[in-house]
Amino acid sequence: MSAPAAPTPTTDPTLKSPIVRVEDLVKYFPAGSGLFGRSVVHAVDGVSLAIQAGETLGLVGESGCGKSTLGRVIVRLLPSTSGHVYFKDTDLTKVRGEKLRRTRQEIQMIFQDPYASLNPRMTVGDIVSEPLRNFGVARGRKAEQKVQEVMRVVGLNPNFVNRYPHEFSGGQRQRIGIARALVLNPTFIVADEPVSALDVSIQAQIVNLMEDLQEKFQLTFLFIAHDLSVVRHISDRIAVMYLGKIVEIGASDAIRDRPLHPYTKVLESSVPVPDPDIEALRKPILLKGEIPSPVNPPSACRFHTRCPIAQPICSEVEPPLEMKENGHFAACHFAGQL
Amino acid sequence: MQDLKVQFFVSGGTVNAVDGVSFEIDRGEIVGIVGESGSGKTMTALSLLRLIPEPGRITNGRILYGEKDVAQMTDEEIREFRGNEIAMIFQDPMTSLNPVLRIGFQVEEAMIAHQRFSNKQAKERVVPMLQRVRIPAAKDRVRDYPHQFSGGMRQRAMIAMGVSNEPSLLIADEPTTALDVTVQASIIELIRDLSRELRASVILITHNMALVASLCNRVIVMYAGRIVEQGPTRAIFKNPQHPYTWSLLRSMPRVDEKEKERLISIKGLPPDLGKMPPGCKFHPRCKFRVDRCFTEEPPLDEVDPGQRARCWVLMKNIANPEAQAQT
Amino acid sequence: MAQAAPVIQPDLELSYEMPEQVTLLSDAWRRLRRNRLALVGAVIIGLLFITALISIVWTPYPTWLQAVGPTYQPPSAAHPLGLDQAGRDILSRIMGGALITVQVGVGSAIIVSLIGIPLGLLAGFYRGKVDTVISFFINIWYGIPDLLVALILVFVLSDALHLIPRGVLVIIIAFSLTRWMDVARLVRGQALALREREFVEAARMSGARDFALLARHILPNALGPIIVQATFAIPAAVLFEAFLSFLGLGLPSPTPSWGAMAADGYHGMDFAPHIVLAPTIALSVTLMAFNWVGDGLRDAFDPRMRR
């Protein structure tokens with residue numbers, strides 16, 4: 001369509017210097033073949049967003065909504081089905097081989113499971129220095145110094161470089177993963193549920209660490225999590241995902257004060273707050289039914305099967321992700337009406 | 001429950017998983033036990049049912065249920081007691097449901113096993129039971145297998161099995177940790193309603209303070225196998241006296257957060273149960289400790305009516321705790 | 001209570017003490033030690049290796065030397081295991097046989113791994129066409145009667161080509177070419193599972209090239225099961241050699257193969273059972289020991305058995 005430049009999340013006028021632009025990204029997985037030919041999982045289905053340099057964009061959604069897949073497609077751990085991911089000026093979906101490998105110097109990832117993301121057969125020193133060796137940035141004495149420096153930055157005792165990951169606690173292991181991501185001085189880091197596997201008191205340590213690091217190294221984060229409280233705390237802007245699509249994206253405060261999409265509103269109302277007085281008044285909006293299968297997602301608006309304010313049009317015409325307020329986008333025919 | 005002590009005999013010595021825990025629960029009350037992994041919260045609940053896994057053992061204390069001491073019951077009595085008086089809901093319903101049996105059959109079995117109902121009665125009660133836990137289209141879904149249910153539905157089925165014998169105490173061990181928030185909200189509502197309808201007490205074991213605030217009347221905070229603070233929910237949340245409770249509340253981000261404040265993090269790690277520090281078990285991580293904390297373990301003393309805390313310092317004696325905690 | 005005096009806070013994260021270092025291998029070793037049967041097996045295998053080493057430099061009599069005493073002589077003080085039908089000292093020949101057994105067993109395990117590991121890694125890591133081709137060959141090979149092919153190989157390699165004398169090496173190659181699939185299939189499965197693990201993704205993000213991913217991240221983590229599989233290949237190879245030699249198709253006389261020794265004594269079983277018994281017992285005990293150790297290793301490396 002040739003609508004004259006209605007702002008999309010990628011051309012959000014409020015973003016001055018986007019460093020990452022995702023355009024209409026699609027990722028389908030084959031889900032085996034059935035009677036009626038092959039079926040596909042619509043894990044990510046036409047996602048567009050942009051990330052401003054130096055900001056943290058939070059990506060929330062419930063299990064199975066495709067948020068982790070989206071993160072992995074953006075960093076090209078998974079190939080995309082269609083669409084584009086621009087990092088600065090390169091289209092990451094087009095690079096491959098050695099050129100793709102080179103992009104890892106600037107783009108890094110922090111993983112969810114601090115137990116699974118560290119090679120159990122390698123020492124901490126080897127794990128953290130691996131990126132240095134792979135890119136020939138530093139060797140020998142210089143690499144050692146760099147590793148010790150990064151370990152100190154993330155709050156690990158550099159004397160333990162020769163220990164193995166299983167000797168560390170969950171929080172310490174997550175610090176090792178962060179050290180590995182930092183050692184090449186990247187500009188953009190995708191953090192996939194970095195605190196959800198940790199105990200509450202340890203979560204705060206890691207969240208604080210990530211905030212400090214962002215300030216210190218001017219990092220840009222894509223912070224993926226299912227926990228809206230953590231995302232709210234750490235993010236400047238938030239994108240809400242439901243069944244492979246972004247339903248709302250906007251400044252963290254705007255989403256808290258004026259959630260436009262009914263799903264966002266439901267999500268906001270479901271999260272408990274550690275305050276019994278507020279809790280006594282909070283009335284969660286309960287959703288009917290189950291989250292539909294991404295193999296066979298509902299027509300038009302994917303939320304219409306469970307939406308408290310769904311109208312006939314919602315199952316016929318797919319609402320576009322439009323800018324409803326300055327820098328605040330929602331994909332709903334009745335935005336703000338719940 | 002009085003002065004409970006659960007010890008684990010492992011190679012290399014004895015480990016006190018739970019040490020000197022005492023509390024009581026009134027009828028119809030919803031009590032939250034909060035703590036991090038390894039704090040002993042699950043062990044405490046399991047000992048109520050005498051379900052401590054090997055090589056653990058209850059070495060001290062009494063667990064009074066009405067007049068009866070659970071610790072002294074015969075195996076026959078305890079089996080009776082588990083099914084009819086207490087029901088337990090676990091974090092992962094998939095591991096507690098038999099994957100090759102239909103849901104309806106398993107609910108029926110749960111009722112028959114404890115001889116509260118005849119086979120015929122049990123059969124008739126299955127569908128109403130599933131309806132009661134708000135499983136939609138319960139009539140059709142009784143014939144489903146567990147894998148055909150979603151996580152939330154399975155948890156509902158587990159609750160149906162638990163409450164089918166109308167127990168007077170429901171123990172829910174992290175019942176929503178594996179579930180999405182929108183599902184969590186509905187399960188919490190369900191537990192709240194069932195407790196009211198059955199006039200049953202509920203023990204909610206969780207690491208999530210916010211969940212406790214929404215559901216519980218009273219809170220027990222555990223750390224390193226001990227109760228460090230307990231009291232009415234409102235008092236604990238508005239006026240926590242133990243530094244651990246205080247820090248924990250400030251270490252979790254809030255969804256309604258207005259201004260971005262730095263989280264208060266608790267440095268270090270919970271102690272290894274095999275190598276407990278002397279004195280107060282929290283002192284190595286405490287920002288407010290005094291000399292005494294290093295050597296003497298404080299008692300769980302009353303600090304306000306109904307509220308007890310195990311601390312020599314108490315938060316009310318600290319002038320500007322936020323500033324001190326951020327150093 | 002008095003106002004609490006502020007305490008100077010050391011940086012706990014940095015000063016945190018760590019328990020003594022336990023590596024995964026020492027952890028596995030600790031669990032292996034608790035397994036009695038595996039321990040007994042390990043001792044037997046140790047004795048086997050020592051015997052084999054000694055036999056290189058010393059045996060009571062040369063293993064080929066005939067008529068050191070009367071033929072068919074039962075065990076005596078001078079000859080603890082007696083003499084065979086050619087008057088050779090059986091103890092010496094058992095010792096020499098130990099060396100053959102070790103060579104065949106260990107050699108086969110190494111060659112089988114050398115073929116199976118790379119093929120399995122390639123198939124599991126690259127999947128797609130590479131996997132289709134390799135898996136096709138694995139399945140074809142499973143369908144072939146291995147004993148028959150091995151027999152043909154022994155003849156082709158030694159007699160027809162006249163390149164290598166019919167010896168230990170031929171047996172090892174014949175065995176390995178027909179039995180590499182177990183290791184290949186196992187490694188393929190391991191690689192398939194490991195390539196999806198987060199630490200492999202993390203290594204990819206660290207800019208690791210494919211070779212580094214395979215050599216540094218996938219192979220070391222598959223090593224446990226590979227060692228177990230290779231351990232089970234040893235008794236299979238030993239049995240294979242003994243079987244061929246028993247039939248007279250394996251190692252030529254007078255090589256002191258346990259299989260050949262059993263065949264030698266076969267005709268005198270009625271009046272001189274010691275000739276058959278000695279190599280048979282040696283063989284059985286060796287096979288059992290390797291199987292016990294294999295079982296023990298499998299349990300020790302099994303992450304579900306941890307703690």
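In this report, the structure presented in the accompanying data block is examined.

Reading guide: rules and limits
Residues numbered from 1 in each chain as written. Chains lettered and ligands numbered in written order. Predicted model: local features only at pLDDT ≥ 70, side-chain atom pairs only at ≥ 80, totals over all residues. Heavy atoms only, no water. Helix = DSSP H or I, 4+ residues; strand = E, 2+ residues; numbered from the N terminus. Contact = heavy atoms within 4.5 Å. Areas by Shrake-Rupley, 256 points an atom, 1.4 Å probe, with all protein chains shown as cover. Buried < 20%, exposed > 50% of the residue type's maximum accessible area, 1.4 Å probe, protein only. Lys, Arg positive; Asp, Glu negative; His and termini not counted. Charge placed at Lys NZ, Arg CZ, Asp CG, Glu CD. Pairing = 2+ DSSP bridges. Axes fitted to C-alpha atoms, helices over the stretch in contact; angles between N-to-C directions. Salt bridge = Lys/Arg side-chain N within 4 Å of Asp/Glu carboxyl O. Buried area = accessible area lost by both parts, 1.4 Å probe. Polar contact = N/O pair within 3.5 Å; in protein donor to acceptor, adjacent residues only side chain to side chain. Core = buried A, V, L, I, M, F, W, Y, C linked by side-chain atoms within 4.5 Å. Disulfide = S-S within 2.5 Å. Expected span 1.5 Å × (residues − 1). Arc of directions from axis to C-beta. Phe/Tyr/Trp six-rings, centres within 6.5 Å; stacked < 30°, edge-to-face > 60°. Lys NZ or Arg CZ within 6 Å of the ring centre and 35° of its normal. Parallel < 35°, antiparallel > 145°, perpendicular 65-115°, else oblique. Left-handed = near helix turned anticlockwise from the far one by under 90°. Nonpolar A, V, L, I, M, F, W, Y, C, P; charged D, E, K, R; others polar.

With that settled, the discussion passes to the overall build of chain C. On a plain count of helices and strands, chain C comes out with 12 helices and zero strands. Along chain C, helices (α) and strands (β) appear in the sequence α-α-α-α-α-α-α-α-α-α-α-α when read from the amino end. Sequence separation of 24 or more characterises 71% of the internal contacts of chain C that already satisfy a separation of 6 or more. When the accessible surface of chain C is split by element, carbon and sulfur atoms take 69% of a total near 15300 Å².

Along chain A, the regular secondary structure elements total 10 helices and 12 strands. Along the three orthogonal principal directions, the C-alpha set of chain A runs to about 65 × 50 × 45 Å. Burial status across chain A gives 61% buried among its 338 residues. Taking as baseline every contact in chain A between residues at least 6 positions apart, the subset at least 24 positions apart corresponds to 65%. For chain A, the exposed area adds up to about 13200 Å²; of that, 52% sits on carbon and sulfur atoms. Of the charged side chains in chain A, 38 are positive and 36 negative; the average position of the first set lies 7 Å away from that of the second.

All right, on to the sheet that holds strand E7 (residues 86-89) of chain B then. All names here are of chain B. The strand order across the open sheet formed by eight strands is E7-E8-E9-E3-E10-E11-E13-E12, and the pairing between neighbours is mixed. Edge positions in the open sheet fall to E7 and strand E12 (301-304), since each of these has one partner strand only. The average undirected angle you get between the axes of adjacent strands in this sheet is 20°. Examined bridge by bridge, strand E3 (residues 30-34) and strand E10 (residues 218-223) share four bridges and lie parallel to one another.

So, about the pattern of salt bridges. Per the counting criterion, the structure on display carries 50 salt bridges over all chains. The shortest N-O distance in the salt bridge between B:Glu76 and B:Arg79 comes to 3.3 Å. Taken together, the residues span about one helical turn, with B:Glu76 and B:Arg79 both in helix H2 (residues 75-84) at a distance of three residues. Under the relative-accessibility criterion, B:Arg79 is labelled partly exposed at 47%. In this structure, C:Asp84 engages C:Arg88 in a salt bridge whose closest nitrogen and oxygen atoms are separated by 3.0 Å. Each member of the pair, C:Asp84 together with C:Arg88, is buried. Linked by salt bridges that have partners in common, A:Arg72, A:Asp192, C:Glu198 and C:Glu201 make up one network.

Right, let's talk about the interface of chain B and chain A for a bit. With 43 residues of chain B in contact, the opposing surface of chain A contributes 41 residues. Buried surface at the junction of chain B and chain A, both sides included, amounts to about 3700 Å², of which 56% is carbon and sulfur. Counting every contact that joins chain B to chain A gives five salt bridges. Salt-bridge contacts for A:Asp275 lead to B:Lys238; the nearest nitrogen and oxygen are separated by 3.1 Å. At the junction of chain B with chain A, the criterion picks out 16 residue pairs in polar contact (both at pLDDT 80 or more). Elements represented by at least two residues in the side of chain B that touches chain A include exactly helix H8 (181-198), helix H9 (209-215), helix H10 (233-238) and helix H11 (243-251) of chain B. Top contributing element to the side of chain B that touches chain A by residue count: H8(B), with seven residues.

Counting 76 residues, the largest nonpolar core has B:Val107, B:Leu130, B:Ile159, B:Phe237 and B:Tyr244 as the members making the most contacts within it. Considering each element in turn, this core owes the most residues, seven residues, to helix H7 (residues 151-163) of chain B. Once residues lying within four places of it in the same chain are set aside, the contact partners of B:Ile159 are B:Ile89, B:Val133, B:Ile187, B:Leu190, B:Ile191 and B:Leu194. Core analysis: the second largest hydrophobic core is formed by 65 residues, A:Val183, A:Ala191, A:Ala204 and A:Phe221 among them.

Under the definition given, this model contains zero disulfides over all chains. Looking at the unpaired A:Cys65, the closest cysteine sulfur is the one in A:Cys301, lying at 15 Å. Of all cysteine sulfurs, the one in B:Cys293 lies closest to B:Cys280, which takes part in no disulfide; the gap is 5.9 Å.

Residues and elements named next belong to chain A. For helix H4 (residues 140-153), spanning 14 residues, the distance from its first C-alpha to its last is 20 Å, which sits close to the expected 20 Å at 1.5 Å a residue. Buried within H4 are the following residues: Ala-143, Lys-146, Val-147, Val-150 and Met-151. End-on view of H4: buried residues confined to an arc of 135°, all on one side of the axis. For H4, the exposed residues set more than 90 degrees away from the buried face come down to Arg-141 and Lys-142. Buried positions along H4 lie against helix H3 (124-134) and helix H5 (170-182). Positioned one or two residues after H4, Gly-155 has a phi angle of 85°, which is positive.

Evaluated as defined, the whole model comprises 15 aromatic pairs over all chains. Each ring, one from C:Phe136 and one from C:Phe137, has its centre 5.9 Å from the other, and the planes form 80°; the classification is edge-to-face. Between C:Phe175 and C:Phe240, the aromatic rings sit 5.6 Å apart at their centres with planes inclined by 50°, giving tilted as the arrangement. In this pair, C:Phe175 is assigned in helix H7 (residues 168-179) and C:Phe240 in helix H10 (residues 210-246), connecting sequence segments 65 residues apart. Taking relative accessible area as the criterion, C:Phe175 reaches 1% and is therefore assigned buried. The exposure class assigned to C:Phe240 is buried, which follows from its relative accessible area of 5%. One aromatic cluster in this structure is built from C:Phe136, C:Phe137, C:Trp141 and C:Trp180. When the ring centre of B:Trp312 is taken as origin, the NZ or CZ atom of B:Arg292, which lies over that ring, is 3.5 Å away. Of note, C:Arg195 hangs over the ring of C:Phe125, and the distance from its end group to the ring centre comes to 5.6 Å.

Residue and element names in this part refer to chain B. Of note, the phi angle at Glu-174 is positive, near 45°, even though the residue is not glycine. Mapped onto the elements, Glu-174 comes out in the loop between strand E8 (169-173) and H8. In this model, Ala-224 sits at a positive phi of 50°, which is unusual for a non-glycine residue. Of note, Ala-224 is situated in the loop between E10 and strand E11 (226-232).

A few words now on the environment of A:Ser201. Tracing the backbone shows A:Ser201 in helix H6 (residues 200-217). Residue A:Ser201 is classed as buried on the basis of its relative accessible area, which comes to 0%. In this structure the C-alpha to C-alpha distance between A:Ser201 and A:Thr103, which are 98 residues apart in sequence, comes to 35 Å. When neighbours within four sequence positions are excluded, A:Ser201 is seen to be in contact with B:Glu36, B:Leu248, B:Ser251, B:Ile266 and B:Arg285.

Residue and element names in this part refer to chain C. One way to put it is that helix H4 (residues 90-126) packs onto helix H5 (residues 128-143) with a least axis distance of 7 Å and a crossing angle of 140°. With respect to their mutual orientation, H4 and H5 come out oblique. For the crossing formed where H4 meets H5, the hand is left-handed. For the pair formed by H4 and H5, the contact residues are Leu-119, Leu-122, Ala-123 and Tyr-126 on the first element and Gly-128, Val-130, Asp-131 and Ile-134 on the second. Grouping the constituent residues of the contact of H4 with H5 by class yields six nonpolar, one polar and one charged.

So, on to helix H1 (residues 67-74) of chain A. For the α-helix, the turn length of 3.6 residues means that residues three or four positions removed from each other point alike. Residue and element names in this part refer to chain A. Counting buried positions over the eight residues of H1 gives seven, a clear majority of the element. Those residues of H1 that fall on the buried side of the exposure criterion are Lys-67, Thr-69, Leu-70, Gly-71, Arg-72, Val-73 and Ile-74. Positioned one or two residues after H1, Arg-76 has a phi angle of 65°, which is positive.

Right, let's get into the sheet that holds strand E10 (residues 245-251) of chain A. Residues and elements named next belong to chain A. Taken in spatial order, the eight strands line up as E6-E7-E8-E3-E9-E10-E12-E11 in an open sheet, and their pairing is mixed. The strands lining the two open edges of the sheet, one partner per strand, are strand E6 (107-110) and strand E11 (322-325). Averaged over neighbouring strand pairs, the angle between their axes works out to 25° when direction is ignored. Here E11 runs beside strand E12 (residues 328-330); their pairing, made up of three bridges, is antiparallel. Paired with Glu-322 across the two strands is Ala-330, which belongs to E12. H5 contacts E6 and strand E7 (188-192) of the sheet and is inclined by roughly 175° relative to E6.

Purely geometric stuff here, so don't read any function into it on its own.
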